[in-house]
Amino acid sequence: KVTLIRRVYYDLIGLPPTPEQIDLFVQDKSRDAFTRLVDELLASPRFGERWGRHWLDIARFAESVTLRGLVFNHAWRYRDYVIESYNRDLPFDRFITEQIAGDLLESESIEETHRARAATTYLVLGNFNYEEQDKEQLRMDIVDEQLDTIGKGLLGQTLGCARCHDHKFDPIPTRDYYAMAGIL
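Summarised in this report is the structure supplied together with it. (Residues numbered from 1 in each chain as written. Predicted model: local features only at pLDDT ≥ 70, side-chain atom pairs only at ≥ 80, totals over all residues. Heavy atoms only, no water.)

**Focus: the overall build of the chain**
Turning to step 1, where the next piece is worked out: When you go through the chain residue by residue, the secondary structure sums to 9 helices and 0 strands.
Turning to step 2, where the next piece is worked out: The helix and strand sequence of the chain, counted from the amino end, reads α-α-α-α-α-α-α-α-α.
Turning to step 3, where the next piece is worked out: In summary, the chain has a C-alpha radius of gyration of 21 Å against a globular reference of 16 Å for 184 residues, an excess of more than 25%.
Turning to step 4, where the next piece is worked out: If you line up the chain on its principal axes, its C-alpha atoms span 65 × 40 × 35 Å.
Turning to step 5, where the next piece is worked out: For the chain, with 184 residues in total, the buried portion stands at 34%. (Helix = DSSP H or I, 4+ residues; strand = E, 2+ residues; numbered from the N terminus. Rg over C-alpha atoms; globule rule 2.2 N^0.38 Å. Buried < 20%, exposed > 50% of the residue type's maximum accessible area, 1.4 Å probe, protein only.)

**Observations regarding the environment of P16**
Turning to step 1, where the next piece is worked out: Tracing the backbone shows P16 in the loop between α1 (2-13) and α2 (19-27).
Turning to step 2, where the next piece is worked out: When its relative accessible area of 39% is taken as the criterion, P16 is described as partly exposed.

**Observations regarding helix α3 (residues 33-42)**
Turning to step 1, where the next piece is worked out: Along α3, the residues classified as buried are A33, L37, V38 and L41. Along the axis of α3, the buried residues cluster in a sector spanning 130 degrees; they form a single face.
Turning to step 2, where the next piece is worked out: On the buried face of α3, the contacting elements are α1, α2 and α4 (45-58). (Arc of directions from axis to C-beta. Contact = heavy atoms within 4.5 Å.)

And the structure:
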């Protein structure tokens, strides 16, 4: 039981149990002790912090970009959105929809509007060269970064090659790349 509680703590919240928590679990002889433990950990705010971190890596979350130390002062809003979404057990399709089109979704409260808008930060977290003098080039580089993130994070494939040319066996031809780019 000691090994089991340690594993479930690390798996679900990324932290070890305290000696007191281990003792309580070991002494609990009820049939649903493990189920209650899992439910307790899933309800913990630490759960969203642990598992949200994985999504933040996919979304290329950072609070700054390397170019001259440009800091995103409100990046924490997106981080908190992700953690809250995991802790609320937000359905994955809604989670993705909010990040790609949250600013276009109807909502029932101003809080939901702000929450959905914060979600769209997913599209702008890339490390861009904002000093690019050719602004059309910068705009397309940003769109390319967005498509690359959507492709890798949601489709499990790279889309960047299609910006310049078709590949014989790639499922996304240049035509489709620019159709998606037009949306963004």
